[in-house]
Structure formats: structure tokens, C-alpha cells
Amino acid sequence: MAGGAAPKADEPLPHPAKDQLPSISYCITSPPPWPEAILLGFQHYIVMLGTTVLIPTSLVPQMGGGNEEKAKVIQTLLFVAGLNTLLQSLFGTRLPAVMGGSYTFVPSTISIILAGRFSNYSGDPVEKFKRTMRAIQGSLIVASTLQIVLGFSGLWRNVTRFLSPLSVVPLISLVGFGLYEFGFPGVAKCVEIGLPQLVIIVFISQYLPHVIKRGKNIFDRFAVIFSVVIVWIYAHLLTVGGAYNDAAPKTQASCRTDRAGLIDAAPWIRVPWPFQWGAPSFDAGEAFAMMMASFVALVESTGAFFAVARYASATPMPPSVLSRGVGWQLFLYRENAGLLALTRVGSRRVVQISAGFMIFFSVLGKFGAVFASIPAPIVAALYCLFFAYVGAGGLSFLQFCNLNSFRVKFILGFSIFIGLSVPQYFNEYTAINGFGPVHTSGRWFNDMVNIPFSSEPFVAGCVAFFLDNTLHKKDGQVRKDRGRHWWDKFWSFKGDTRSEEFYSLPFNLNKYFPSV
């Protein structure tokens, strides 16, 4: 063999498949020391602020709200995210998953905002905001029942028990890679801030630990805090130095550190409460559209849960545990899985501390607004790293599959290609025409078709799931090729003691709510 001797046939692989990811410093049940855990929890809080701020910043002005309304929405999202994260880590999957806002719900929310009864309203803008918010609340309440029913009834368990390592690869990979439009395009909105952030976090997390051996874990675990502080100060110096005084309004909005308007608008102390904008209003069509968005988010979050479990060095989730987590879920924040990979800390306690920060800073609005005013290009640079880790986490499941099988190659390649190509068509069509390929007089029906086909992980995951469960499935060799034999021992909650260690409910609740 040219270039060196061929390995012997009976020689073991230098990198055998691993049920649990090695080289993780702290797994789910092994928390780091309290000072380190608090800093790591704060880091998760800083990272999740990105989506929590970006979504209201985009939507609230379209609803007629100003900075005060935007600050209240951000506080409410933070408060609910903190509560949901605690519930998920205690009674759901018990994974270190941060629950936060999701871009999946944005199109159906915009559809409600553009509804005639709101877009044609010519009265007080604040009243328009409240009416729109009540309609969005009503749709979300109805949509949330879908996940509750699918999760707690066990229906989602019956679906996910047909998953295999092969079918989750396209799903998880595009949960990360499918959000490429939120990466460098966001960095480029203010490249003099975003690009240094991207370079510095890569240098601190990947190179510096190998240059400075002492304190190696400090640099890779706290790279986000170090890099964000450095670039944030640099961005503030540019702002106060007048670098953007004559810049275009869009450039100022992206680059300046004093343009968010959140600090002045946020109250010192405010506890969000249910129905703070009034009793929710309900519209059947809008509720159906939001339910479809909820189902798409459910499929996407299934992939994200697998990525979180992998980076927390846990065993694959039994379908019953996944179904239980879906029942407790509102949204799932994908960046969190990437941060677990960067820090190599998958401790449940760290994420629970992060939930405490979310609740604390949602109540003390002024303090929370300071961190929420981080320029968006800094957040976009973090996305470049974290979404890449999530996508790579999906690819790591290929170690359980037979990549020499043409069946595996077809399912893998075809599902990923279609998962990228179909949403590209739908999104490009929408960007050019202002509406999706399905365009009827019923806006809610349009959303029910356009939203799922605009999601890369949803399309790829559904195609892979269908093909993997219908294509020559009865062949005995196929079971090994798709990697299903690796997961058999974890598919029953009682099948492996490690699954019980990671996923058992606290306070001996498994006795009353068994996972079967």
C-alpha cells in the first residue's frame, strides 16, 4: 500500500465508538465547585440573552411598541425561560438544557402582526401593541397544548422509538448548521466588532490553552466571558470616541453600545405576571398556524436534546424520557448545546444556576438591561462557534453507522441535501415576493404549509426518518448499518443503570411517575 503499511485486519480502531462522549470535565451528575459553577451559569445566561433580545427587538416595533414595551417583553421572556429551564432540569429530560426563545415561532408571529385587524389599526400605538400581544398569547396558549398532549400522553415516545443514529444525524446536524444565516451575516453588520469577537473567542478557547499550560481550563471554560468583555469594552470606546457619529442609522443600530434603549426604558424592579397585557384573544386560524410552528419546534428540539445529551456525556435518551421532556417544554435554546461543548462542562447544576440568573435579572430590570445591550454582532460571532458545535454533535452519531453501506450514504446525503435545498427555495421565494410559495386567501393555511418547509432540520429529519424506517428495514444487516443495535440497551429506561442515573426523577418521583 502506497504511503505506508496497511493496518492489520484484526487491529482495533484507534477511535472506537463511544456511548458517552469522553473528555468531558463534568457530566450531568458531577457539578463543578460552587465558584466555578456560578461563573459558568452566568456565562450560559449571557449567551442565551442573544435570542432573547434579538426576537423582541425585531418584533415589538412592528407591533407598535417602543423601548418600554420591548424591555417588558424581554423581561417576561427571561422570567419564563428561567422557570422553564428549572422545570426541565428537575422534572423533564433532566438534561442541562437552557429553555429560551425560538426563531421557529417568528414567521407565525409576524403573520399575526400583519393581520388586518392590527395592521389597519390607527389608534394609540401602545394599545395596538397590547391587542397584538393578546392575540399572540392566545395562539401560543393553544399551541402549547399540542406539546403537552404529545409529551405527557406518550405519543411522542411512540414516534421517537423508531429513531436510530442514522436518522438523527441530519436532524441534529441541521439544527446547528441550518442557522448559518444568523452567523457571519450578523457579524458583517458591524464587521469591526463582530470579526474581532470571532477571532478572539477562537484564539482564547482553542489556541491559548495550548500556549499557556497553567490555568488551561480557565481559558476554554470562560472564553465567552473573556472575549465578550474585551470586545464590548472595545465597542464602547469606539462609540464614545465618535466613530459612528456620522454613520448610517443601520450601522449605528448594529455597532453602538448605547442604541438598544433598554437601560433607560427598563424599570428597576418588576415581576412579570400572567396576562400582564390583558386577557388573551383567540383566533382559530392563527392558533392552527402557531400549532404547526409548535410541531416544527418540537421536531427541532428533539434533535437539540440529543445534542445536549451528547455534550453532557450522558447516554442516549430513552424515548419515554424524551417524551416527558417535550411535555414540560415551551421552547429550546440551541446555542446552549454549543456552549456545553466549548466548556466541556455538562453539569445540571450549572444550568440551574443560569436559570436563577435569568429570573433574578428579569426582576431587576435595570441590571439585566445592561447585559441585554450587548451589540448584536458580538452575539452573531458566538453563534458561529456554538451552532458549529451543535452541527458537529450531530455528525458524531455517524460513528455508530456503517459508512461503507450505500443505503446509509443515500439516506444521509439525500436527506441533508433536501433539508438544505427545499427551505432555500421557500425562503428565497418569500424574500423576493414577500409571501411564500403557498399563497392563498387564508394566511393561516399559508403558514401551516410554508413554515415547516422553511425549516432545514424539520425537512431533513422527516426525510431521514421516513427513509430509514421504510427502506429495506427488514434486512438483518441493515439494523447494524443504521446503528440501531448500539441504542437497544438504552431504549428501555431500565435497560442500563447509567440511564437511571442521568434521567431518574428527583424526590423518588419515579415510583409514582414511572418512565416506561
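These numbers come from a predicted model, not from an experiment.

J.: Let's hear about the pattern of salt bridges: which residues, and what values?
T.: One pass over the structure, following the stated rule, counts eleven salt bridges. Asp-19 is paired through a salt bridge with Lys-489; the nearest N and O atoms lie 3.1 Å apart. With Asp-19 in the segment before helix H1 (34–63) and Lys-489 in helix H24 (residues 484–491), this residue pair connects regions lying 470 residues apart in the sequence. Judged by its relative accessible area of 38%, Lys-489 falls in the partly exposed class. Between Lys-72 and Glu-68 there is a salt bridge, with the nearest N and O atoms lying 3.5 Å from each other. You can see Lys-72 and its partner Glu-68 sitting in helix H2 (residues 67–91), four residues apart, about one turn around the helix. Residue classification places Glu-68 among the partly exposed positions, given a relative accessible area of 42%. Ionic contacts of the salt-bridge type, sharing partners, join the residues Glu-127, Arg-131 and Arg-134 into one network.

J.: Summarise the nonpolar core; cite the residues concerned and give the values.
T.: By size, the foremost hydrophobic cluster in this structure holds 75 residues, and its most contacted members are Leu-95, Phe-306 and Tyr-503. Looking at which element gives the most residues to this core, the answer is helix H14 (residues 284–311), with 13 residues. Those residues in contact with Phe-306 that sit more than four places away from it in its chain are Leu-163, Val-168, Ile-172, Met-317, Leu-322, Phe-397, Trp-487 and Trp-491. If you look at the next biggest cluster of nonpolar residues, it comprises 49 residues, including Ile-193, Ala-223, Leu-262 and Ile-353.

J.: Give me helix H20 (residues 406–433): which residues, what numbers.
T.: Between its first and last C-alpha atoms H20 spans 40 Å; for 28 residues at 1.5 Å apiece the expected length is 40 Å, and the two agree. Looking at H20, one finds that the buried residues are Arg-407, Val-408, Ile-411, Leu-412, Ser-415, Gly-419, Pro-423 and Phe-426. In the core, the buried residues of H20 are packed alongside helix H7 (165–177), helix H21 (443–453), helix H22 (456–470) and helix H23 (476–481). Capping of H20 at its N-terminal end is provided by Ser-405; its side-chain oxygen lies 3.2 Å from the backbone amide nitrogen of Arg-407. Directly beyond the C-terminal end of H20, a positive phi value near 85 degrees is found at Gly-434.

Parameters and conventions
- Residues numbered from 1 in each chain as written.
- Predicted model: local features only at pLDDT ≥ 70, side-chain atom pairs only at ≥ 80, totals over all residues.
- Heavy atoms only, no water.
- Salt bridge = Lys/Arg side-chain N within 4 Å of Asp/Glu carboxyl O.
- Helix = DSSP H or I, 4+ residues; strand = E, 2+ residues; numbered from the N terminus.
- Buried < 20%, exposed > 50% of the residue type's maximum accessible area, 1.4 Å probe, protein only.
- Core = buried A, V, L, I, M, F, W, Y, C linked by side-chain atoms within 4.5 Å.
- Contact = heavy atoms within 4.5 Å.
- Expected span 1.5 Å × (residues − 1).
- Polar contact = N/O pair within 3.5 Å; in protein donor to acceptor, adjacent residues only side chain to side chain.

So far we have only geometry, and geometry alone does not tell us how the molecule works.
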